[in-house]
Every structure is written in C-alpha cells, then in structure tokens.
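Per-entry structural report
Here is what each chain is made of, one letter per residue.
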Amino acid sequence: MGKIKKNSYGVILTIGLAIVAKWISNFIPYQLISASVFALLLGMVLNPLVSKNDKFKSGITFVSKKILRLAIILMGLTLSFSQVVSVGKYSIIVMCFTLFTAFGGGYLVGKLFGMNWKLSGLISAGTGICGGSAVAAIAPTIDAEDKDVAYAISATFIFDVLMVILFPIAGRFFGMSDMGYGLWAGTAVNDTSSVVAAGYAFSDVAGAYSVIVKLTRTLSIIPTVLCFSLINERINAKKLKLEGKSTEHRKVDLKKIFPYFILMFLVMVVIKSTGFISPEVSVAASDCSKFMMVMALGAIGLKTNFKEMSQSGIKPMIHGFIISTLVVVVSFLVQMALGQL
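For the structure given in this document, a descriptive report is provided here. (Residues numbered from 1 in each chain as written. Predicted model: local features only at pLDDT ≥ 70, side-chain atom pairs only at ≥ 80, totals over all residues. Heavy atoms only, no water.)

Quick word on the overall build of the protein chain
Across its full length, the protein chain carries 16 helices and zero strands. Across the 341 residues of the protein chain, 50% fall into the buried class. Sequence separation of at least 24 residues holds for 83% of the intrachain contacts in the protein chain that already meet a minimum separation of 6. Roughly 16,600 Å² of accessible area belongs to the protein chain as shown, and the carbon and sulfur atoms make up 69% of that amount. (Helix = DSSP H or I, 4+ residues; strand = E, 2+ residues; numbered from the N terminus. Buried < 20%, exposed > 50% of the residue type's maximum accessible area, 1.4 Å probe, protein only. Contact = heavy atoms within 4.5 Å. Areas by Shrake-Rupley, 256 points an atom, 1.4 Å probe, with all protein chains shown as cover.)

Rendered as structure tokens:
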C-alpha cells in the first residue's frame, strides 16, 4: 500500500495531463499534432513547478517506464502475427543501413569535433537504437561519466521533439502508406516514446507498425552493449598494461539489458493471432494502450528540464542532429529503393 500511495500523486498528475492533451488535440485539423505531443510539451512546461515537489517524482518515473511498457504489451492484442512478420522483415534490412550510418557517421563526426569516444558512442547508440534506453544500457559498461550520459540523452531528445512534429507532416507530403511511414518512423526516430507519438500522429495503423519496427530495432541493444563492453575492456587493458598493472575481465549481465517487455508483446500478438480475443476486447486494449502512451509522454515531459539541457553544450547537440538527420535520410532512401514508401 505504501508504494501505491507513493506513486499515486505522479500517476494522477499524468492522467490529468493526458486528458487535457487529448482534449487539446481535438481542435487540431487532420490531427497533425497528436495528444502525445501535447502531453510531452505540457509536461515540459510544468517541469519547473513539479520538480520542486518530491511527492510526484516516484509516480512520474513509474509512468514513464512501467506504464509505457505496459501500453506496448497491450498493443500486442491489436496485432496479428502476420503483421509483425511482414513489417519486421523489411525493418531488419533498413536497420542494417541506419545502424551503420549511426555508428560509422557518429565515429567520424566525433573525431572531427574532438569528442571523447564514450560520449560520441552514446550519442550514436541513442540515435541508432532507442534514445535514452540505449544510452542508459551502454553507459555502465563503458564507465561513462554522468555528464556524458546527460549530453547524449539531451542531444537525441531535442531532435526527437522536432521529429514528432515534423514526421507526420513529411509523411503526408510524400504520400506515404501506413506501412511505409511506420517503417520510416520506427527506424529513424530515436526514443520509443517519440516513435509512438510520431507514429500515431499519422494514423493508428502506422503507429502500430512503427512500434513493431521500433521493438525489432530495440533488440540490437544486446549485441551493441556487448561490443561497447569489449571495446572499453580492451582500452582499459591497454592502459593498465602501460601502467604495469594486471587486468580483470568484466562480465556483462544480459538479464539487466534484455528488453523483456518485447517478449510479453509477442506473447500478446500470439494470443491475438489464435482468434481467442474478440474484436471488442481488441478495441478496448487499443484505446487503453493509446491513453497509457499519452500518459507516458506527459511523464517524460515532466522529467525534462530545459535549463539542464541547455548546459549540455553545443557540440554534442550538433553531433546528435547531424547523425539523426543522416539516419532519417538513409532510412527514407533505403525504403525508396525497396519500394516500401
């Protein structure tokens, strides 16, 4: 009961924020700006006030992490396995190009700007995989400093805010299909929450597809963390060798980095594919899932401090914008080549 009460203030606040955001979005023509975007922006505006009151902190964190994952799991009840497979096979092809662009381009831009490899790598991971989640997963394995983590998350987040607004407009301008747009948003927008916002701002179908693609992309966290851990271990081993000290191998705990909510999402998809779920239940799950996602975006906005982000410096921001833009362009061009626009 104590934990429920502790989270209740933040949860109630995000519910209220979601209701207001959905109400405002009703006045926007063609739903160019979704309720998720308004929830995010409203949360950011309220951050200076809410951050001063600790009673909201626990609940806001709970919504931004647990409720978002629960929303994605519930979304599995609205999708069939054939849909997941049809989108997933194309996303893997596009992902190969976007991940190469993010890490290859990130390394070169980092060198050009004279940035340390850890900060450059974190920004590339946030851009290429899944925003703050990838940064948070990789940071401990390379002994990244707190300021590097803050820089990396800020650099990818600001770009995401712009993309959530601009992607639906661009998708309509290019006359993209729901599947094509979902594939584009899922492979080019960084954070999961931003993919959700950008996807559903175009259409419900595109939103569902974009999340499938994003979840496929999220799985690349595992090999990426292992690679970064290996690189860091070798660099540290060289330093210790030069200092005449012994080296000690560090083990990577896969249980801590594996996104288990993806497995639950797939379980829900399998259940839906069996035909046991009625259309009424599927619609109810969809409505509940979308409302939870709006809540999660509001919570993320409430956790975002503009002042702290402005102190991150300009080079990491430019680095993030360059790599993110390259990923957006490469994803679009690969889809064009595959005939999936």
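A word on the nonpolar core
Counting residues in hydrophobic clusters, the biggest one holds 45 residues, and the most contacted among them are Leu40, Ile72, Met75, Leu79, Leu215, Phe265 and Met293. At the level of secondary structure, the elements contributing two or more residues to this core comprise helix 1 (2-25), helix 2 (35-50), helix 3 (57-75), helix 7 (146-173), helix 9 (192-202), helix 10 (204-218), helix 13 (260-273) and helix 14 (279-302). Per-element tally for this core: the top contributor is helix 14, with 10 residues. What Leu79 contacts, discounting residues up to four positions off in sequence, is Ala208, Ile212, Phe265, Val269, Lys272 and Ser273. (Core = buried A, V, L, I, M, F, W, Y, C linked by side-chain atoms within 4.5 Å.)

Some details on the packing of helix 3 against helix 14
Each pair of packed helices gets described by two things: the angle between the helix axes and the distance between those axes. Running from amino to carboxyl end, helix 3 crosses helix 14 at an angle of 155°, the nearest separation of the two axes being 8 Å. Regarding the angle of helix 3 to helix 14, the classification is roughly antiparallel. For the pair helix 3 and helix 14, the crossing hand works out as left-handed. Between helix 3, through Ile60, Val63, Ser64, Ile67, Leu68, Leu70, Ala71, Ile72, Leu74 and Met75, and helix 14, the contact on the second element is made entirely by Ala285, Cys288, Ser289, Met292, Met293, Met295, Ala296, Ala299, Ile300 and Leu302. Its residues assigned to classes, the contact of helix 3 with helix 14 shows 18 nonpolar, two polar and no charged. (Axes fitted to C-alpha atoms, helices over the stretch in contact; angles between N-to-C directions. Parallel < 35°, antiparallel > 145°, perpendicular 65-115°, else oblique. Left-handed = near helix turned anticlockwise from the far one by under 90°. Nonpolar A, V, L, I, M, F, W, Y, C, P; charged D, E, K, R; others polar.)

Some thoughts on the packing of aromatic side chains
Within a pair of aromatic rings, the relevant descriptors are the distance that separates the centres and the angle that separates the planes. Scanning all chains against the criterion turns up 11 aromatic pairs. Note on Phe103 and Phe228: the rings are 5.9 Å apart at their centroids and 55° apart in plane angle, and the pair reads as tilted. Residue Phe103 is found in helix 4 (residues 81-113), and its partner Phe228 is found in helix 11 (residues 221-242); the two are separated by 125 residues along the sequence. Between Phe159 and Phe321, the aromatic rings sit 5.4 Å apart at their centres with planes inclined by 90°, giving edge-to-face as the arrangement. Of this pair, Phe159 sits in helix 7 while Phe321 sits in helix 16 (residues 315-338), placing them 162 residues apart in sequence. The exposure class assigned to Phe321 is partly exposed, which follows from its relative accessible area of 27%. Here the aromatic cluster, defined as three or more aromatic residues joined through ring pairs, consists of Phe167, Phe173, Phe174, Tyr181, Trp184, Phe202 and Phe332. (Phe/Tyr/Trp six-rings, centres within 6.5 Å; stacked < 30°, edge-to-face > 60°.)

A look at helix 16
Compared with an ideal rise of 1.5 Å per residue, which puts 24 residues at 34 Å, helix 16 spans 34 Å between its outermost C-alpha atoms and is within 8% of the ideal. One or two positions beyond helix 16, positive phi appears at Gly339, with a value near 70°. (Expected span 1.5 Å × (residues − 1).)

Concerning the environment of Ser51
As for its placement among the helices and strands, Ser51 is situated in the loop between helix 2 and helix 3. Along the backbone, Ser51 and Lys303 are 252 residues apart, and their C-alpha atoms lie at a distance of 7.5 Å.

What to know about the packing of helix 8 (residues 178-188) against helix 16
Viewed as axis vectors pointing N to C, helix 8 and helix 16 meet at an angle of 145°, and their least axial separation amounts to 9 Å. Once helix 8 is placed against helix 16, the crossing between them reads as right-handed. Taking contact as the criterion, the partners of Gly180, Leu183, Trp184, Thr187 and Ala188 in helix 8 are, on helix 16, Val327, Val328, Ser331, Phe332 and Gln335. Counted by class, the contact of helix 8 with helix 16 contains six nonpolar, four polar and no charged residues.

Considering the environment of Lys5
Position of Lys5 relative to the elements: it lies in helix 1. Looking at Lys5, the relative accessible area reads 57%, which means it is exposed.

So, a nonpolar patch on the surface
A cluster of nonpolar side chains, namely Ile314, Ile318, Ile322 and Leu326, defines an oily patch on the protein surface of about 330 Å² accessible area. Mapping Ile318 onto the fold places it in helix 16. Owing to a relative accessible area of 38%, Ile318 belongs among the partly exposed residues under this scheme. (Patch = residues over 30% accessible without salt bridge, like charges linked within 9 Å, V, L, I, M, F, W, Y side chains within 5 Å. Salt bridge = Lys/Arg side-chain N within 4 Å of Asp/Glu carboxyl O.)

Section: the side chain of Asn47
Inspection of the secondary structure puts Asn47 in helix 2. The exposure class of Asn47 is buried, given its relative accessible area of 4%. Other than its neighbours up to four places away in sequence, Asn47 contacts Gly301, Leu302, Lys303, Thr304 and Asn305.

Comments concerning a positive patch on the surface
On the surface, a cluster of positive charge is contributed by Lys3, Lys6, Lys65, Lys66, Arg69 and Lys303. If you list the elements that add at least two residues to the positive patch, you get helix 1 and helix 3. The leading source of residues in the positive patch is helix 3, at three residues. Looking at the element boundaries, Lys6 is found in helix 1. Using a relative accessible area of 54% as the deciding quantity, one classes Lys6 as exposed. (Lys, Arg positive; Asp, Glu negative; His and termini not counted. Charge placed at Lys NZ, Arg CZ, Asp CG, Glu CD.)

Focus on the side chain of Thr187
Residue position: Thr187 is located in helix 8. Here Ser331 takes part through its side chain, which lies 2.6 Å from a polar atom of the side chain of Thr187. Every residue in contact with Thr187, bar those within four places of it in the chain, is listed here: Ser91, Val94, Met95, Thr98, Val213, Arg217, Val327, Ser331 and Gln335. (Polar contact = N/O pair within 3.5 Å; in protein donor to acceptor, adjacent residues only side chain to side chain.)

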